Amino acid sequence: GTAYALHFIVEAENAGYSVPYSVKENLVKYVSGVSKGWKPMQNKPLYVIEADVAAQAYRLYVLALNGSYDLGALNRLKEETGTPLSKCLMAGAYALAGNREAGGLLTSVTDYKSGDRSSDLIFGSELRDNALRLQVLCILDREAEANMLYNSVASELASDKWLNTQDIAMALTSVAWYQKKYGQP
């Protein structure tokens, strides 16, 4: 939950809102500390290990959004078994840190498999995951793939389907990223 809070503090600040310095710095220190202390799980079911890797990838992505890159932690994480979403978030973090070639970690927007059990352990959903992937595609300047995902995310937002707060927040944020970068489709 703390990385999620930091993510939206960073988004708010980037949108021009005033954010109390101490709130943001405390979040950065905490998320950075958890990230630095992270060790790969062993002797657990694969979906539990993948969820743990995804949570670490998200922490590193959010820290990179803040400009607090941890290339050592990213390099260690790259060696672990991760889901396509984990690899996508790592590609985004590397790109934000200036290593655009690491975008190769993200092979295709079709890599996501719906119903991934590891997503359940980190309160993920297909919409939330697609929204995060859309942000990374914008960072990597992959407009054609971003357009595909934008249409999917926007359609789900416009539907009558019940969505939780996290899904709505991530989806609206990624739609805003897309529109800021590429305009209205």
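From a predicted model like this one, the values you see are computed outputs, not experimental measurements. (Residues numbered from 1 in each chain as written. Predicted model: local features only at pLDDT ≥ 70, side-chain atom pairs only at ≥ 80, totals over all residues. Heavy atoms only, no water.)

A. Examining the packing of helix H1 (residues 2–14) against helix H3 (residues 46–65) more closely. Across the interface, H1 lies against H3 with an axial gap of 9 Å and an inter-helix angle of 20°. Taken together, the axes of H1 and H3 are roughly parallel relative to one another. Handedness of the crossing formed by H1 with H3: left-handed. Here H1 contributes Ala3, Tyr4, Leu6, His7, Val10 and Glu11 to the contact with H3, which in turn contributes Tyr58, Arg59, Tyr61, Val62, Leu63 and Leu65. For the contact of H1 with H3, the class distribution of residues is 9 nonpolar, 1 polar and 2 charged. (Axes fitted to C-alpha atoms, helices over the stretch in contact; angles between N-to-C directions. Helix = DSSP H or I, 4+ residues; strand = E, 2+ residues; numbered from the N terminus. Parallel < 35°, antiparallel > 145°, perpendicular 65-115°, else oblique. Left-handed = near helix turned anticlockwise from the far one by under 90°. Contact = heavy atoms within 4.5 Å. Nonpolar A, V, L, I, M, F, W, Y, C, P; charged D, E, K, R; others polar.)

B. Molecular detail of the packing of aromatic side chains. Evaluated as defined, the whole model comprises 3 aromatic pairs. In textbook terms, an aromatic cluster arises when at least three aromatic residues are bridged by ring pairs, as seen for Tyr150, Tyr178 and Tyr182. (Phe/Tyr/Trp six-rings, centres within 6.5 Å; stacked < 30°, edge-to-face > 60°.)

C. How the structure looks around the nonpolar core. Formed by 36 residues in total, the largest nonpolar core has its most connected members in Leu6, Tyr58, Tyr61, Leu77, Leu89 and Leu132. Mapped onto this core, the elements with two or more residues apiece are H1, helix H2 (21–37), H3, helix H4 (71–78), helix H5 (84–96) and helix H7 (126–139). Of all the elements, H3 adds the most residues to this core, at 10 residues. Sequence-distant contacts of Leu6, defined by excluding residues within four places in its chain, comprise Lys24, Leu27, Val28, Val31, Val62 and Leu63. Counting residues in hydrophobic clusters, the runner-up holds 12 residues, among them Leu127, Leu137, Cys138 and Tyr150. (Core = buried A, V, L, I, M, F, W, Y, C linked by side-chain atoms within 4.5 Å. Buried < 20%, exposed > 50% of the residue type's maximum accessible area, 1.4 Å probe, protein only.)

D. Structural context of the confidence of the model for the chain. Averaged over all residues, the pLDDT of the chain equals 86, while 88% of them reach at least 70. Mean pLDDT per element in the chain: helix H6 (residues 117–121) is the minimum at 48, and H2 is the maximum at 95. Ignoring residues within four places in sequence, the model shows residues 114–118, a span with pLDDT below 50, making 8 contacts including any to other chains. (pLDDT = per-residue confidence, 0-100.)

E. Structural detail: the environment of Glu101. Checked against the element boundaries, Glu101 lands in the loop between H5 and H6. Its relative accessible area of 69% is what places Glu101 among the exposed residues.

F. Representation of the environment of Val175 within the structure. Here Val175 shows up in helix H9 (residues 165–182). The exposure class assigned to Val175 is buried, which follows from its relative accessible area of 11%. With 41 residues separating them in the primary sequence, Val175 and Leu134 have C-alpha atoms 8.0 Å apart. Here Val175 is in contact with Leu134, Tyr150, Val153 and Leu157, once residues within four sequence places are set aside.

G. Seen up close, H5. Over its 13 residues, H5 extends 18 Å from the first C-alpha to the last, a length consistent with the 18 Å expected when each residue adds 1.5 Å. Of all 13 residues making up H5, 10 are buried, and the element is well covered by its neighbours. Leu85, Ser86, Cys88, Leu89, Met90, Ala91, Gly92, Ala93, Tyr94 and Ala95 are the residues of H5 that are buried. As for H5, its buried residues are in contact with H3, H4 and H7. (Expected span 1.5 Å × (residues − 1).)

H. Representation of the side chain of Asn66 within the structure. Among the structural elements, Asn66 can be located in the loop between H3 and H4. A polar side-chain atom of Asn66 sits 2.8 Å from a polar atom in the side chain of Lys24. Not counting residues within four places of it along the chain, the set of residues in contact with Asn66 comprises Val10, Lys24 and Val28. (Polar contact = N/O pair within 3.5 Å; in protein donor to acceptor, adjacent residues only side chain to side chain.)

I. Quick look at the pattern of salt bridges. Taken as a whole and judged by the stated rule, the model has 6 salt bridges. A salt bridge links Glu13 to Lys24, with the nearest nitrogen and oxygen atoms 2.4 Å apart. Highlighted residues: Glu13 in helix H1 and Lys24 in helix H2, separated in sequence by 11 residues. The partner of Asp141 in a salt bridge is Lys181, with the nearest N and O atoms 2.3 Å apart. Taken together, the residues span a long stretch of sequence, with Asp141 in the loop between H7 and helix H8 (143–158) and Lys181 in helix H9 at a distance of 40 residues. (Salt bridge = Lys/Arg side-chain N within 4 Å of Asp/Glu carboxyl O.)

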